[in-house]
Amino acid sequence: MENVKLEIDGRTIEAAEGTTVLKAARSIGIKIPTLCDDERLESYGGCRMCTVEIETKWGRKRLVTSCVYPVEEGLKVQTSTEKVVRIRKMIIELLWPAWQLYAKEYGVTSSRFKTGMTDCSLCGLCLRYCSEVKKANRIYFQGRGIERKPALVEGSELSCRACGECFSLCGSGWIASRC
Amino acid sequence: MSRLEKPADLEKLRDQIVAQRNSKSKWLAVCAGTGCRAYGAETLADSLEEEIEKRGMGETVGVRRTGCHGFCERGPLVVVEPSGLCYLGAQPKNVPAIIDTLSSGDGAIDKLFFQDESGKPISHVDEIPFYKHQKRVVLENNVRIDASSILDYIAVGGYSALAKALSGMTPEDVLNEVKKAKLRGRGGGGFLAGRKWETTRNAHGDPKYVIVNADEGDPGAYMDRSILEGNPHGVLEGLILGAYAIGASEGFIYVRQEYPLARNHAQKALEEAREYGLLGKNILGTAFSFDVKIHRGAGAFVSGESSALMSAIEGHVGEPRPKYIHTSEKGIWGKPSCLNNVETWANVPHIINKGADWFCSMGTEGSKGTKIFSLVGKVTNTGLVEVPMGITLRDIIFKIGGGVPKGKKFKAVQTGGPSGGVIPESLLDLPVDFDELTKVGSMMGSGGMIVMDENTCMVDTARYYTNFLAHESCGKCVPCREGVRQMLIILNRITSGEGKEGDLELLEELSEFMEAASLCALGQSAPFPVKSTLKYFREEYVEHIKDKRCQAGVCSALIAYDIDQEKCEACGACLRNCPVNAVNKSEDKVFTIIQEKCIKCGACFTACPEKFGAVIKVPAYTMQKQPATAALIDNKA
Amino acid sequence: MDASKQVTSEHTMPPLDVLIIDDEETFAEACSQTLESKGYRVVVAKNGQQGLQMAGTAHPSVVLLDLKMPGMDGMEVLGRLGKIEPTAVPIVVTGHGTVDSAVESMKIGAFDFITKPFEPEKLLESVRRAKGLSVIRKESAAGDQPHSSNKYDLLLQGLDVLGEAYSMGLEKRQLLDELTYLENEAKYHAGSLGQIKKKERAILDIRNELLEADAIMRKYEFQKNALIQVLLDVQERFRWLPRHILNWISGRLNIPLREIYVIANFYEAFSLEPRGRHIVQVCTGTACHVRGASETLTRISTMLGLQPGQTDSKQEFTLETVHCIGCCALAPVVQIDSQYHRDPPRSKLEKIFKSLKKEEAEECLA
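Would you take a moment to explain the overall build of chain B for this structure?
Helices and strands together make up the secondary structure of chain B, namely 27 helices and 19 strands. For chain B, the C-alpha radius of gyration of 27 Å lies close to 26 Å, the compact-globule estimate for 637 residues. A principal-axis box enclosing the C-alpha atoms of chain B has dimensions of 85 × 65 × 40 Å. When each of the 637 residues of chain B is scored for burial, the buried share is 64%. Long-range contacts, defined here as pairs at least 24 residues apart, represent 70% of the contacts in chain B between residues at least 6 apart. Counting every atom, chain B has about 22,500 Å² of accessible surface; 49% of that belongs to carbon and sulfur. In chain B, 75 positive and 80 negative side-chain charges are present, and the distance between their average locations comes to 1 Å.

Looking at this model, I keep getting lost on the overall build of chain C. Mind explaining?
Assigned secondary structure in chain C consists of 15 helices and nine strands. A burial count over chain C gives 51% of its 366 residues as buried. By sequence separation, contacts in chain C at least 24 residues apart represent 66% of the contacts at least 6 residues apart. Counting every atom, chain C has about 17,000 Å² of accessible surface; 52% of that belongs to carbon and sulfur.

Help me out: how do you make sense of the pattern of salt bridges in this one?
Residue and element names in this part refer to chain B. With the rule as written, the count across this model stands at 57 salt bridges over all chains. Residue Glu81 is joined to Arg64 by a salt bridge in which the shortest nitrogen-to-oxygen separation is 3.2 Å. Separated by 17 residues along the polypeptide, Glu81 in strand 3 (residues 78-81) and Arg64 in strand 2 (residues 61-66) bring together distant segments of the chain. Judged by its relative accessible area of 3%, Arg64 is buried.

How should the confidence of the model for chain B be read in this particular structure?
As a general rule, the predicted coordinates of low-pLDDT regions are not to be interpreted in detail. Of all residues in chain B, 97% attain a pLDDT of 70 or more, and the chain-wide mean is 90. Predicted confidence for residues 626-632 of chain B stays below pLDDT 50, and this span has 12 contacts to residues more than four positions away or in other chains.

Quick question: what am I supposed to make of the sheet that holds strand 15 (residues 448-453) of chain B here?
Either a parallel or an antiparallel arrangement is found when strands of a sheet pair, and the pairing is made through backbone hydrogen bonds. All names here are of chain B. Strand order in the open sheet formed by five strands is 12-11-15-13-14, with mixed pairing between adjacent strands. Strands at the two margins of the open sheet, each flanked by one partner only, are strand 12 (383-388) and strand 14 (421-424). On average, each strand axis in the sheet is tilted by 30° relative to the strand beside it, whichever way the strands run. Note that strand 11 (residues 370-377) and strand 15 share four bridges and pair parallel. In the sheet register, Leu375 faces strand 15, and the bridge partner there is Met449. Each of strand 11, strand 12 and strand 15 is contacted by helix 11 (residues 223-230), which is oriented at about 115° to strand 11, the strand it contacts most.

Hey, could you run me through the interface of chain A and chain B in this one?
Size of an interface, as often reported, equals the accessible area lost when the parts are brought together. Counting residues at the interface gives 30 residues for chain A, matched by 32 residues for chain B. Where chain A abuts chain B, roughly 2,800 Å² becomes buried across the two surfaces, and 62% of that area is made up of carbon and sulfur atoms. Of all residues in chain A, Arg48(A), Arg144(A) and Ile146(A) bury the most surface against chain B, accounting for 25% of the area lost on that side. Linking chain A with chain B are four salt bridges. Taking the shortest distance from any N to any O, the salt bridge between Glu512(B) and Arg86(A) comes out at 3.6 Å. At the surface where chain A touches chain B, the tally comes to 18 residue pairs in polar contact (both at pLDDT 80 or more).

Help me understand the interface of chain B and chain C, please; the structure alone is not making it clear to me.
Taken residue by residue, the interface counts 60 residues in chain B and 43 residues in chain C. Buried surface at the junction of chain B and chain C, both sides included, amounts to about 3,900 Å², of which 56% is carbon and sulfur. When the shortest N-O distance is used, the salt bridge between Glu73(B) and Arg342(C) registers 3.8 Å. Counting the contacts that link chain B with chain C gives 21 residue pairs in polar contact (both at pLDDT 80 or more). Taken together, the elements giving at least two residues each to the side of chain B that touches chain C come down to helix 2 (34-38), strand 9 (291-297), helix 14 (306-313), strand 11, strand 15, helix 19 (458-472), helix 25 (573-577) and helix 26 (603-607) of chain B. At six residues, helix 19 of chain B tops the list of elements feeding residues into the side of chain B that touches chain C.

I would appreciate a short explanation of the nonpolar core in the present structure.
Side chains of nonpolar character tend, in soluble globular proteins, to be buried together. Residues Leu28(B), Tyr159(B), Trp197(B) and Phe290(B) are the most contacted members of the largest nonpolar core, which totals 159 residues. Considering each element in turn, this core owes the most residues, nine residues, to helix 12 (residues 232-246) of chain B. Residues within four places of Leu28(B) in sequence aside, it is in contact with Leu48(B), Ile52(B), Val61(B), Gly62(B), Val63(B), Arg64(B), Val78(B), Val79(B), Val80(B), Ile99(B) and Leu102(B). The next biggest cluster of nonpolar side chains, apart from the first, holds 120 residues, and it includes Tyr106(A), Ile490(B), Ala226(C) and Leu241(C).

I tried to follow the environment of Leu306(C) on my own but got confused; where do I start?
Relative to the helices and strands, Leu306(C) is located in the loop between helix 14 (293-304) and strand 7 (317-322). Sequence separation between Leu306(C) and Arg275(C) is 31 residues, and the spatial gap between their C-alpha atoms is 13 Å.

I'm lost on the packing of helix 19 of chain B against helix 20 (residues 478-495) of chain B in this one. Help?
Helix-helix packing: each pair is described by the crossing angle between the helix axes and the interaxial distance. Residue and element names in this part refer to chain B. Axis separation between helix 19 and helix 20 bottoms out at 9 Å; the angle between their running directions is 145°. For the pair helix 19 and helix 20, the crossing hand works out as left-handed. Taken together, the residues of helix 20 that come into contact with helix 19 (itself represented by Val459, Asp460, Ala462, Arg463, Thr466, Asn467, Leu469 and Ala470) are Val484, Met487, Leu488, Leu491, Asn492, Ile494 and Thr495. In the contact of helix 19 with helix 20, the residues fall into nine nonpolar, four polar and two charged.

How do you make sense of the pairing of strand 15 of chain B when you look at a structure like this?
Each regular strand displays side chains that alternate between the two surfaces of the sheet. The element strand 15 of chain B is largely enclosed, with a buried count of six among its six residues. Burial along strand 15 of chain B is two-sided: Gly448(B), Ile450(B) and Met452(B) and Met449(B), Val451(B) and Asp453(B), pointing in opposite directions, are all buried.

In this structure, what is going on with the packing of aromatic side chains? I would like to understand it.
What describes a pair of aromatic rings is the distance from one ring centre to the other and the angle between the planes of the rings. Residue and element names in this part refer to chain B. Counted under the stated rule, the structure contains 21 aromatic pairs over all chains. Ring centres 6.0 Å apart and planes at 90° place the aromatic pair Phe71 and Tyr131 in the edge-to-face group. Pair noted here: Phe71 is in the loop between strand 2 and strand 3 and Tyr131 is in helix 5 (residues 129-132), with a separation of 60 residues, a long-range link. The pair Phe71 / Tyr131 is uniform in exposure class, with both members buried. Put simply, the rings of Phe71, Phe114, Phe130 and Tyr131 pair up and form one aromatic cluster.

Which parts of the structure should I look at to understand the pairing of strand 16 (residues 559-563) of chain B?
Residues and elements named next belong to chain B. Most of strand 16 sits inside the fold, with five of its five residues counted as buried. Side chains Ile559, Tyr561 and Ile563 of strand 16 all project onto a buried face; the interleaved residues Ala560 and Asp562 project onto the opposite face, where all are buried too. Summarising the sheet, strand 16 and strand 19 (residues 615-619) pair through five bridges and their orientation is antiparallel. Looking across to strand 19, one finds that Tyr561 is bridged to Lys617.

So, how was this worked out
Residues numbered from 1 in each chain as written. Chains lettered and ligands numbered in written order. Predicted model: local features only at pLDDT ≥ 70, side-chain atom pairs only at ≥ 80, totals over all residues. Heavy atoms only, no water. Helix = DSSP H or I, 4+ residues; strand = E, 2+ residues; numbered from the N terminus. Rg over C-alpha atoms; globule rule 2.2 N^0.38 Å. Buried < 20%, exposed > 50% of the residue type's maximum accessible area, 1.4 Å probe, protein only. Contact = heavy atoms within 4.5 Å. Areas by Shrake-Rupley, 256 points an atom, 1.4 Å probe, with all protein chains shown as cover. Lys, Arg positive; Asp, Glu negative; His and termini not counted. Charge placed at Lys NZ, Arg CZ, Asp CG, Glu CD. Salt bridge = Lys/Arg side-chain N within 4 Å of Asp/Glu carboxyl O. pLDDT = per-residue confidence, 0-100. Pairing = 2+ DSSP bridges. Axes fitted to C-alpha atoms, helices over the stretch in contact; angles between N-to-C directions. Buried area = accessible area lost by both parts, 1.4 Å probe. Polar contact = N/O pair within 3.5 Å; in protein donor to acceptor, adjacent residues only side chain to side chain. Core = buried A, V, L, I, M, F, W, Y, C linked by side-chain atoms within 4.5 Å. Left-handed = near helix turned anticlockwise from the far one by under 90°. Nonpolar A, V, L, I, M, F, W, Y, C, P; charged D, E, K, R; others polar. Phe/Tyr/Trp six-rings, centres within 6.5 Å; stacked < 30°, edge-to-face > 60°.

Right under this line is the structure:
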């Protein structure tokens, strides 16, 4: 693998081709907030917290999710522009109160929306961990759209309780409270 | 004759079939599309055949069950060849009369013809305004062939483009012709098909795949279904040409489970094409091999998205994947895969046959060729229309569509399905063009065109699409799932009379956020229905919030049904049709509605004879105080 | 052990919640205290024999049963308990805590298992859930018997165990073995309800259904990526996706049950509940919507007494909404089985529903 040169928040770094912008940023200590990311799992791109603004070497500007966007030569990345911050605030507000890890940092103290109908943020950490790492395949998402919710394969409670490794991944305690 | 061993064999076969077909001097083309079937087209075709048989005319007259003719409003449709007489709404009882006119040569049946405004019958299909202003290229063969017969397709020139390409063109030539034609994808985005093909062609990986997207999910749109039902070989020929140009060896037709007829016809087309050596190993005796499988979609709007569709073909759940590498390069099983919708593929044989110059002679600078729309909703002539790009919306809706029925006032037209937007009357002179429609906040989409009149509520329309998307979003990413959820909550609030100040601003903020942050195109375009209605019909929103009024009389929480005592003739139609017995007959024979029982299903409103127009819609708040009909919303008479 | 906790007469005592059968007094006492602190009424039996006797007279909701006891061991007690007190929900206590013995006991009717040493939270949670199940069992035992002995209900438990065995990665059996196993499972459940004749029919039916599912999968050469196509065919054939068939497919195609549930829950075409013999579809496509489909839906929904997506208890009608059936000229359109109707008024609908019901009655007679 060759290395490519890119710029993150004004700092020039070299990163291996194929790595993501998020990993490259972390390697030099730049923090990008994430919800659905976990080093042990494949990138998911679901929560959109890690959205950053990029400019390609052809001068094209846009918003991308840094956990799935691969580094490329001449890329300029800004990790907390005004647009990006607005998106992150909105995400916290929409998931309120299930997920408040960054609420303080982004100054969100309440939500203008009618939220709180669920204690699950549908980040998919538990079920991806269950399939990708444990290969147990016990949890899945049921339904789609606004009706989507995590569910256990019927008859799994017993073995889920015995394993319990995903409990600590869950920011809201959904999974522990159902097993 | 079966397998064709070289391109020239096709011409020989065609000559044979044409000679055979010419033994009959007249054909009755009966539309057997899904719409006309619903009107009983099959029974009609059966009785036509019986009558012909009975009169011993079987030698000279034939009946052909064809694909959709387009004029669905007036089905079942029968077109006589070669005279071009067109019968609308024919019933089995009309059969003897129709057959009579065949032998006598004239004396047509006026009442089965289209009648213009003055009541003058128009007998010839090309003279009917609905057809006259269209430009039929892709749909042309629908009327001329029986979709379940490859011979019919070959007889009208089918597979000649393939023979032409395989006998004298290199794959590059085919690709260049499509590029030169500037054909843009008809599925929604409007990407240049040639460029997409080239990407897949140049991408590394083997095998390469080509895919027909027939997962038509837009509610109120049925172009792709009608093409695949009516002319499956036309689509297949385009796909084979594409595979040849791209260097693909395998193809898929992804068709919705809800379209059984389209699937069966496509299946039959594949089998027959294989039999004739037009598909499979060594097509037309050349070194080019290519085969196609059908994959049934199990019903999810989001499956139309390219990465979701490919994931479904792999046997996984149809969820979009974050992609910064396009599926043209890494698609099914990580191999280069080129996906186009039905209409796009169906255009290809015409481009190869008649050339890119011919194709470019139609349309505007940025949008070439024709486009098929399903013109539906509050329009006199519901149906499928194919028009040259660049025609104005006004021409489509008023010249072809015959305007809004019952003298109601036009309000807006919605294009682009759930990802599109509404276009108000002031913009009706806009030419139909990918870029022009995008500029005004709508989009071409796959071709749904829904006409709305004064009785259509724009807030309800936005709520309708948002509700659709709330259940059709896959739910993976936060902006789309939660954004659409909150939008729906707010819109439900407004349509039920509980809207608050600040709601509209919140909707706007959500729109901007979803557009910027969502994972796939579905989420990014999900706020468009809300955005465009807010842009052009903001006052309707304000009226719902501030006055608790729905001028169009749609939002059921804001309206009530009442009976105008002056107009009521006590015919009892409302009473008989009410499913909950909420209509009361008082002593002096006049009817009233018991508001507590009423479920607002509108049965009484529909049932009340138009000449009386006694059942009326009034704002709900007026019924809470007194039963008077203070402010009429909609009055039929 | 406190003697006062023993039941003397079932008439004078309030209904019993938990019966603990365990020879190890300290453990029994710990459980008993924990449960009583949460308001459960508990009694303790020292051995299997005594336990069964008390179960028969005191009708406990939940039985906490030690597997390793002198004399009659836990497995045997478990087997007999099903006959003596079928509504009691057994939870097994095991000192070994291995999945093997747990699965073994689950196969013969245990609802859950807890391990020694004693963990109060787990115990309480398990008892809470078991008591919930017992309420359902008692209700269905008191209610109409034929309904609760629906062949699927009866067999599902057994089939679940089969699915469990698969996903736990136990050795895969051949087709015949699996069926034999399944039959035994089914016979066990049938026996406990005393309906062996009926049961045998049901087993035959199930066997045929599984063979049909096999035929469908064979059509796609048992390819994993054909899963959606297989499920569509199953849905078409059975009008829904019965759980035992999903379990079966999972094993045959070697796809985790989870994947199958994801797909079955995602797509519109699939139904995880039986659908009616007649399907009433109200098109809610945009063209129909602007022409008043929601009013049509309200009307039909009221007439059938069903919400969209629901099926009536006799499985006659299912009411559904569809996004577009491409008959926009007939908008608002209603499709009843294969017939299309343009905004049918009440009288017409009544006629249609009546004739469909009549057809059915005639079919039944024939």
